[in-house]
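Here is how the chains run, residue by residue.
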Amino acid sequence: MPHPRRGAAPADAPARPAGLRTRWLLAGLAAVLVALVAGVSFGPVSLPPGSVAAELLNLLPGVHLDSGLTEQEVAIVTELRLPRVVLGLLVGALLALAGGCYQGVFRNPLADPYLLGVAAGAGLAVTAAIVLGAGAGGALTGLPVTVPLAAFVGSLGAVAMTYLLGAAGGRDRSPATLILAGVAVSAFLAAGQTYLLQAHSDSLQQVYSWLLGRLSTAGWHDVLLVLPYFLLTAVVVLAHRRELDVLALGDDEATSLGLHPQRSRYLLIAAASLGTAAAVSASGLIGFVGIIVPHTVRLLAGSSHRVILPLSMLFGGAFLALTDVVARTAAAPAEIPIGVVTALLGGPFFVLILRTARGVRA
């Protein structure tokens, strides 16, 4: 009598994904709430988390609680810290969602949201905007929309170049073709950025402060700019999350099931790239979020994208908001670039992945 495969569930075993998904969904929501309260509470002026939670509840219609905070402290909560934390939640959710989407499309659990040249395009465009602004006596960089707009346009322009270069491979182009095209476009744009930095060394500090990532915001302006792209990306990607599970079976199997693999793949890539561009325009280049969060969710909650994508949004937002707390408080009153903090976390994470993979092969 043949023995069942190791780890395989009995044929009559009850389905587990629904209960597991509910528990993890509640855990993700709890992580977001913890990150929200912690992000607003801690900073140069620490506030009691209980009072902060009460003040946040006062923002809900019909809720009137005595938080015990002064008018100045209430202004710090609602006008300074809350917009920054909400921006961190949106950016983290976008990067993690894009990472999970790219990993499904390219069938690579370590695919990055910057895979198709988004980072290089944003870096070149922002460098050009800063250099031109300095050359114009600061008239351009004085406009708050200039650098985010340049990052957004540069990101989408780089993705368009990657698509065009990948299209040169003919109709039967595989995901690997797009990856190679993204590498080529990234190298080309990075060379252009290096040239600009070398020719205008006086702008180095300003450029690198953006490249290392930041969540500084003076109000709700950046949140309102990112929110429409967040909603559009989330709706499109989550609406097609089942198709990612079908694509994992291979193009032939997906076609036999009535799916158009190429059309679905490019729609998902376009949506993820749009979300990544919006995140980059608001926060600069923040690495590893799109790798750490979806990969961890996959290891803990399962390999179905119906689970990975929504949980990646929740845990990605919480992860970046809590990382921002570390960036603001670890070296207070100075502030560490948030990209440095995520890189410090990403390095050991990759070591852990390599050790795990080695153990599995052994």
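Before any of the text, the structure's been laid out above.
Procedures and definitions
- Along every chain, residues carry numbers that run from 1 in the direction the sequence is written.
- Per-residue local features of the predicted model are confined to residues with pLDDT of at least 70, and side-chain atom pairs are confined, for both listing and counting, to 80 or more; whole-chain, interface and lining totals are unaffected and use all residues.
- Excluding hydrogens and water, the side-chain values take into account all heavy atoms of the structure.
- Put simply, DSSP marks the helices as runs of H or I at least four residues long and the strands as runs of E at least two long, and each gets a number from the N terminus on.
- In these notes, a set of buried Ala, Val, Leu, Ile, Met, Phe, Trp, Tyr and Cys residues joined through side-chain atoms within 4.5 Å is what counts as a nonpolar core.
- Residue burial is assigned from relative accessible area. The probe radius is 1.4 Å, only protein chains are included, and a residue is buried under 20% of its type maximum, exposed over 50%, and partly exposed in between.
- Any pair of residues with heavy atoms lying within 4.5 Å of one another is described as a contacting pair.

*Asks:* Even after reading the chapter, I still don't get unusual backbone geometry, so can you show me in this structure?
*Replies:* Across the chain, the bulk of peptide bonds are trans and the bulk of non-glycine residues have phi less than zero. Geometrically, the link from A332 to P333 is a cis peptide bond, its omega value of 5 degrees lying close to zero. Assignment of secondary structure puts P333 in the loop between α13 (305–329) and α14 (338–361). The backbone of R107 sits at a positive phi, close to 55 degrees, despite the residue not being glycine. Relative to the elements of secondary structure, R107 occurs in the loop between α3 (71–105) and α4 (118–135). Its identity is not glycine, yet F288 carries a phi of approximately 75 degrees, on the positive side.

*Asks:* Looking at this structure, how should I read the nonpolar core?
*Replies:* In summary, soluble globular proteins display a tendency toward joint burial of nonpolar side chains. By size, the foremost hydrophobic cluster in this structure holds 88 residues, and its most contacted members are V91, Y102, W210 and V280. Top contributing element to this core by residue count: α3, with 17 residues. Not counting chain neighbours up to four residues away, the residues in contact with W210 comprise A122, G123, V126, V147, A151, V280, G284 and L285.

*Asks:* Before we go on, may I ask you to explain the environment of H295 in this structure?
*Replies:* Examined against the element boundaries, H295 turns out to sit in helix α12 (residues 289–301). For H295, a relative accessible area of 9% translates into the label buried. Remark: the alpha-carbon pair of H295 and A96, spanning 199 residues in sequence, is separated by 9.5 Å.

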